[in-house]
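Structural characterization, general
Chain by chain, the residues:
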Amino acid sequence: MSTLAPPQPSPAQNKRAVLTRLNNTDRRANRALKLLALAGGALVFLVLIAVVYQVISGASLAFDKYGFGFIVHKTWIAPANEYGGLTFIYGTLVTGVGSLILSTILGVSIGLFLSLMAPRRVAIVIGPLVEMLAAIPSVVLGLIGIYLLLPFIHSDIEPALHSVLGFTQIFGPAQGAGNSPFAAILVLTIMVVPIIAALTRDLFLTVPRELRDGAEALGCTRWEMIRGVVIPTTQSGITAACVLGFGRAIGEAIAVALVIGGVPAMHLSVFMSSYTIGSVMANVAPSAISSLETSSLFYLGAILLVMGITTNLAAQRISSRAGRIR
Amino acid sequence: MSAIPDPTYALTASGNLRRRQAISRGFVAATIAAATLAVAVLIMLVYYAAKQGVSQLSVHFLTATLPPGSPGASGGIGPALAGTAEMVLMATIIALPVGVLTALYLAEFASPRVGKVVQTGLEQMAGLPTIIIGMFIYGLVTLHFGQSAIAGALALSIVEVPLIGRASLEAIRRVPGSLREAADALGVARWRTVVGVILPTASNGIVTATILAVARAAGETAPVLLNSNPSTLGYQFNPLQAVPNVPVEILTLLNLGYPSAVAKAWGAAFVLIVAILAINIGARVWLRRSERKRGL
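Keep in mind the model is a prediction, meaning the values are calculated, not measured.

Scoring rules and cut-offs
Residues numbered from 1 in each chain as written. Chains lettered and ligands numbered in written order. Predicted model: local features only at pLDDT ≥ 70, side-chain atom pairs only at ≥ 80, totals over all residues. Helix = DSSP H or I, 4+ residues; strand = E, 2+ residues; numbered from the N terminus. Expected span 1.5 Å × (residues − 1). Bend = angle between axes of the 7 residues up to and from the residue. Buried ≥ 20, exposed ≤ 12 C-beta atoms within 10 Å, placed from the backbone. Core = buried A, V, L, I, M, F, W, Y, C linked by C-beta atoms within 7 Å. Contact = placed C-beta atoms within 7 Å. Axes fitted to C-alpha atoms, helices over the stretch in contact; angles between N-to-C directions. Parallel < 35°, antiparallel > 145°, perpendicular 65-115°, else oblique. Left-handed = near helix turned anticlockwise from the far one by under 90°. Nonpolar A, V, L, I, M, F, W, Y, C, P; charged D, E, K, R; others polar. pLDDT = per-residue confidence, 0-100.

In this section: helix H6 (residues 138-165) of chain A. Residues and elements named next belong to chain A. Taking 1.5 Å as the rise per residue, H6 with 28 residues should run 40 Å; its terminal C-alpha atoms sit only 30 Å apart, a clear shortfall. The sharpest bend along H6 reaches about 50 degrees and sits at isoleucine 153. The complete set of buried residues in H6 reads Ser138, Val139, Val140, Leu141, Gly142, Leu143, Ile144, Gly145, Leu149, Leu150, Ile153 and Glu158.

What follows is the structure, encoded as structure tokens:
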């Protein structure tokens, strides 16, 4: 006599059920991972939008009062509650352009040296050392700037440049103890050179070897090969790297605040104390005396943000167009 | 008509060629000079910081607090070191998943068009001036809840996300296609491929990027200046309170201006610079060695 056992699922059925369950888990996990990754990307975007929104809404008080006139208004007198941004914009542009010139020359030269001139062994030591320069915190750079750079500028560089190039007004008479846009330019150059050097080195390494060899086989010297082949093929990439460096330079706050002098004034001379947007935000924001002053700082921040985003987008445009051509 | 070369023909360059070679040599010398200058500046910066700061170093300096009455006269930077560690740790806990997930999205899931947009966003985030990040968190958090370690950490995490994201993306893209194809051929689900193959293979690059981001965040002043800049410089671990931190403390001591305070600032700067450079060099050496071990 046998009692009827409840119908057991066959082994095949059993396996299929397990597989379906696994498939379902996998499908769900796939979807979850994709959503998580999407959330990460979306968060980056959300933060950017929030930054723009926050800065603009912070600036609204000053914007209501001054409108776009803020940009061309020169006075900034906190006790009189009167604010204008032109001197800071001017200072930002002067220091940015100055450091752009110096760091383009130095950075591209170093990039060329590391990619085309130096033996491999030398390059793998010097390359990271140059990149180390970018790792030095800005506050430390500013501190060293105050105690090492400013006295040196005051006692040696200022008199020398003034006596030789003083007639151009750009290197006019000195004021203060060396704290000037010139000092800021040097400090910014130290920060930007490693960026340009690293970017251009990678760029020059992408120039096809046959092109370089071809030029040298035709009898070009090293310099003629670089001027005739390497620079033209990488021109837009170099431009993009420099624009990116410029964006970094105009955004720096602390190091510049420590060496620029902190006087809201516009001078042609790079030896007269001045101010930049980033440095005034760093100096004044912790002790702003009125809501209008804080709002004016946000307004300056919005201007800086527009300048930064524009340069960044320009750099991306230039380099992506170069990628398409190649 | 002879095949013998003219013995008087000079093998050294002359005339126009000599001029061209001189220009070329001058140019090569100039690039060498530029590279030397950069390295010399680095050495000079580190040497000067060491010269000014090394005399401050002691266990007392690294652990003691600055007395509230006359900060800088005696004491040390213990609370600031602890505060920096705390904030950077919190920032990294926030930034690491966001950065890696963004990289994963860009490398694995995004359509080219959306990917381009998100990548642009990441680049823009990397280009944000740090002082703007500080003002952003100030307006978003600090203005409403007061200064806190959390606010500082949030600002620092915005600094870290693009650094981690971009480097992770590069590391994930370097994962050999054959590994991915092998996983696909075995019928492995996408998420298992990501978790079991892609992330472990890219982990070296991700870890290095994270360490470099930590070094960067530890030295940032502008993002925390408005968000965690306490008036008392004692030990403080509560993340809802402003905690002292090394970069801002350097600035505070410097602004005090007494020689003893400035000496403390130099000590702190030396500690910071040594820590950051050591982390940087260590991370690079480790990455290079581990990649060589795997034959990449």
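Glancing now at the nonpolar core. Counting 179 residues, the largest nonpolar core has Val187(A), Met281(A) and Ala269(B) as its most contacted members. Leaving out residues up to four positions away in the same chain, Val187(A) has contacts with Leu141(A), Gly142(A), Gly145(A), Ala255(A), Val256(A) and Val259(A).

Put simply, helix H5 (residues 120-135) of chain A and helix H11 (residues 259-293) of chain B touch, their axes get as near as 10 Å, and they point 140 degrees apart. Classified by the angle their axes make, H5(A) and H11(B) are oblique. Crossing angle aside, the handedness with which H5(A) passes H11(B) is right-handed. Residues Pro128(A), Met132(A) and Ala135(A) of H5(A) lie in contact with H11(B), whose contacting residues are Ile276(B), Leu277(B), Asn280(B) and Arg284(B).

Once that is clear, we can look at the interface of chain A and chain B. In this complex, chain A contributes 65 residues to the contact, which on the side of chain B involves 69 residues. Secondary-structure elements contributing two or more residues to the side of chain A that touches chain B are helix H1 (11-58), helix H4 (86-117), H5, H6, helix H7 (181-204), helix H9 (222-251), helix H11 (277-284) and helix H12 (291-325) of chain A. With 21 residues, H1(A) is the largest single contributor of residues to the side of chain A that touches chain B. When its residues are assigned to classes, the side of chain A that touches chain B shows 46 nonpolar, 15 polar and four charged.

For any part of a model where pLDDT is low, the fine detail of the predicted coordinates should not be relied upon. Residue and element names in this part refer to chain B. On average, chain B scores 88 in pLDDT, and the residues at 70 or more come to 93%. Here helix H2 (residues 59-63) stands out as the least confident element of chain B, with mean pLDDT 84; helix H6 (residues 149-173) is the most confident, with 94. This prediction of the complex comes with two scores: 0.89 for pTM and 0.88 for ipTM.

Residue and element names in this part refer to chain B. Packing of H6 against helix H8 (residues 190-218) leaves a shortest axis separation of 8 Å and a crossing angle of 150 degrees. By the angle between their axes, H6 is roughly antiparallel relative to H8. Remark: the crossing between H6 and H8 carries right-handed chirality. Judged by residue contacts, Leu156, Val159, Glu160, Leu163, Ile164, Ala167, Ser168, Glu170, Ala171 and Ile172 of H6 engage Ile198, Ala202, Gly205, Ile206, Ala209, Thr210, Leu212, Ala213, Arg216 and Ala217 from H8. Across the contact of H6 with H8, the residue classes break down as 14 nonpolar, three polar and three charged.

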